Amino acid sequence: MPYTIEGQITMEKTPSYFVTKEVPQRVYHMNPATKLLIVVRDPVTRAISDYTQAASKKADMKRFEQLAFVNGSYSVVDTNWGPVKIGVYARYLERWLLYFPLSQLLFISGERLIMDPAYEIGRVQDFLGLKRVVTEKHFYFNATKGFPCLFKSEARSTPHCLGKTKGRNHPHIDPGAIERLREFYRPFNNKFYQLTGINFAWP
Ligand SMILES: Nc1ncnc2c1ncn2[C@@H]1O[C@H](COP(=O)(O)OS(=O)(=O)O)[C@@H](OP(=O)(O)O)[C@H]1O
């Protein structure tokens, strides 16, 4: 990580760090004062989004329903399949909490980041001890994309939206499969709410 001088902060974004076993200890040894931002969304939607991203890179991908369950029925969820496994947030959070107090972690709702970005960015700025420079006046909602965009950024004076790879159309998933996944995640979600003290109210 690059060193910073007074008045600067270093930021690093690697989503896989949250789920990689040895990372909490490594980050702690690098700097125990590190602040961690964790963006989470409904794990079922997260799994479908993850699958959609993989399918966009591979032409002959099996259907989501074939990958998420073992033996072709919806009775056994395949917890070894990455898109399913990563959504068990409580398991990963428990490892981070061995090294970092909850006060050094900020949980951001992925759903709210889309519906009310200024609110979540406001929380991030407070958490990082920054002045609230980015506010609601910086965002507008692009209905076609279904995402908020920035009127302008530091680097350019023109509006800036997220790129083509964000907001991909998700494939239709059998409602029975969705229901079974929701049932699978419920106890893990509840554990996550308990650990974070936040009820994300995922269905
Ligand atoms: N800033 C911001 N706000 C809200 N949501 C966001 C943001 N950036 C990425 N995303 C959503 O995260 C999902 C993963 O994005 P990607 O598939 O591009 O993956 S990655 O960023 O390359 O890791 C993907 O979700 P879906 O579009 O629902 O599949 C992105 O749209």
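Anything mentioned here points back to the structure above.
Residues numbered from 1 in each chain as written. Predicted model: local features only at pLDDT ≥ 70, side-chain atom pairs only at ≥ 80, totals over all residues. Heavy atoms only, no water.

## Quick look at the overall build of the protein
Scanning the protein from terminus to terminus reveals eight helices and six strands. The linear arrangement of helices and strands in the protein, starting from the amino end, is α-β-α-α-β-β-α-α-β-α-α-β-β-α. By principal-axis analysis of the C-alpha atoms, the protein measures approximately 55 × 45 × 30 Å. By the burial criterion, 33% of the 203 residues in the protein qualify as buried. A sequence separation of at least 24 residues applies to 57% of the contacts in the protein between residues at least 6 apart. For the protein, the exposed surface amounts to about 12800 Å²; the carbon and sulfur share of it is 55%. Placing the 28 positive and 18 negative side-chain charges of the protein at their respective mean positions leaves the two points 3 Å apart. (Helix = DSSP H or I, 4+ residues; strand = E, 2+ residues; numbered from the N terminus. Buried < 20%, exposed > 50% of the residue type's maximum accessible area, 1.4 Å probe, protein only. Contact = heavy atoms within 4.5 Å. Areas by Shrake-Rupley, 256 points an atom, 1.4 Å probe, with all protein chains shown as cover. Lys, Arg positive; Asp, Glu negative; His and termini not counted. Charge placed at Lys NZ, Arg CZ, Asp CG, Glu CD.)

## Side note on the side chain of Asn 189
Mapping Asn 189 onto the fold places it in helix 8 (residues 175–196). With near-sequence residues (within four places) excluded, Asn 189 lies in contact with Pro 43 and Trp 202.

## Quick notes on the side chain of Glu 65
With respect to the helices and strands, the residue Glu 65 is situated in helix 3 (residues 64–68). Given a relative accessible area of 9%, Glu 65 falls into the buried group. A polar contact of 2.6 Å, which involves the side chain of Glu 65, links it to the side chain of Arg 63. A polar atom in the side chain of Glu 65 sits 2.8 Å from the backbone nitrogen of Asp 174. Sequence-distant contacts of Glu 65, defined by excluding residues within four places in its chain, comprise Tyr 74, His 172, Ile 173, Asp 174 and Ala 177. (Polar contact = N/O pair within 3.5 Å; in protein donor to acceptor, adjacent residues only side chain to side chain.)

## What to know about the pairing of strand 6 (residues 147–150)
Here strand 5 (residues 139–142) pairs with strand 6 via four bridges, running antiparallel. Each residue of the ladder has a partner; that of Asn 142, found in strand 6, is Phe 147. Hairpin connection of strand 5 to strand 6: four residues between the antiparallel strands, including Gly 146 at a positive phi of 75 degrees. (Pairing = 2+ DSSP bridges.)

## Examining the state of the cysteines
Formally, a disulfide is one covalent bond, and it connects the sulfur atom of one cysteine to the sulfur atom of another. As enumerated under the stated definition, the model contains one disulfide in all. For Cys 149, the disulfide goes to Cys 161, at an S-S distance of 2.1 Å. Judged by the torsion about the S-S bond (105 degrees), the Cys 149/Cys 161 disulfide is right-handed. With Cys 149 in strand 6 and Cys 161 in the loop between strand 6 and helix 8, this residue pair connects regions lying twelve residues apart in the sequence. (Disulfide = S-S within 2.5 Å.)

## A word on the environment of Ser 49
Locating Ser 49 in the fold gives a position in helix 2 (residues 43–55). For Ser 49, a relative accessible area of 22% gives the class partly exposed. Distance from Ser 49 to Pro 171, taken between C-alpha atoms, is 9.2 Å for residues 122 residues apart in sequence. Other than its neighbours up to four places away in sequence, Ser 49 contacts Arg 41 and His 170.

## Observations regarding the site of the ligand
As a matter of local geometry, the ligand sits amid Arg 41, Ser 49, Gln 53, Leu 113, Ile 114, Phe 147, Leu 162, Thr 165, Lys 166, Gly 167, Arg 168 and His 170. One nitrogen or oxygen atom from the side chain of Gln 53 is found 3.0 Å from an oxygen atom belonging to the ligand. Lys 166 places a side-chain nitrogen or oxygen 2.8 Å from an oxygen atom of the ligand. Here the ligand, which alone exposes 620 Å², has 70% of that area covered by the protein. Mapped onto the shell around the ligand, the elements with two or more residues apiece are helix 2 and helix 6 (110–115). Class assignment of the residues belonging to the shell around the ligand gives a composition of four nonpolar, five polar and three charged. (Near = heavy atom within 4 Å. Nonpolar A, V, L, I, M, F, W, Y, C, P; charged D, E, K, R; others polar.)

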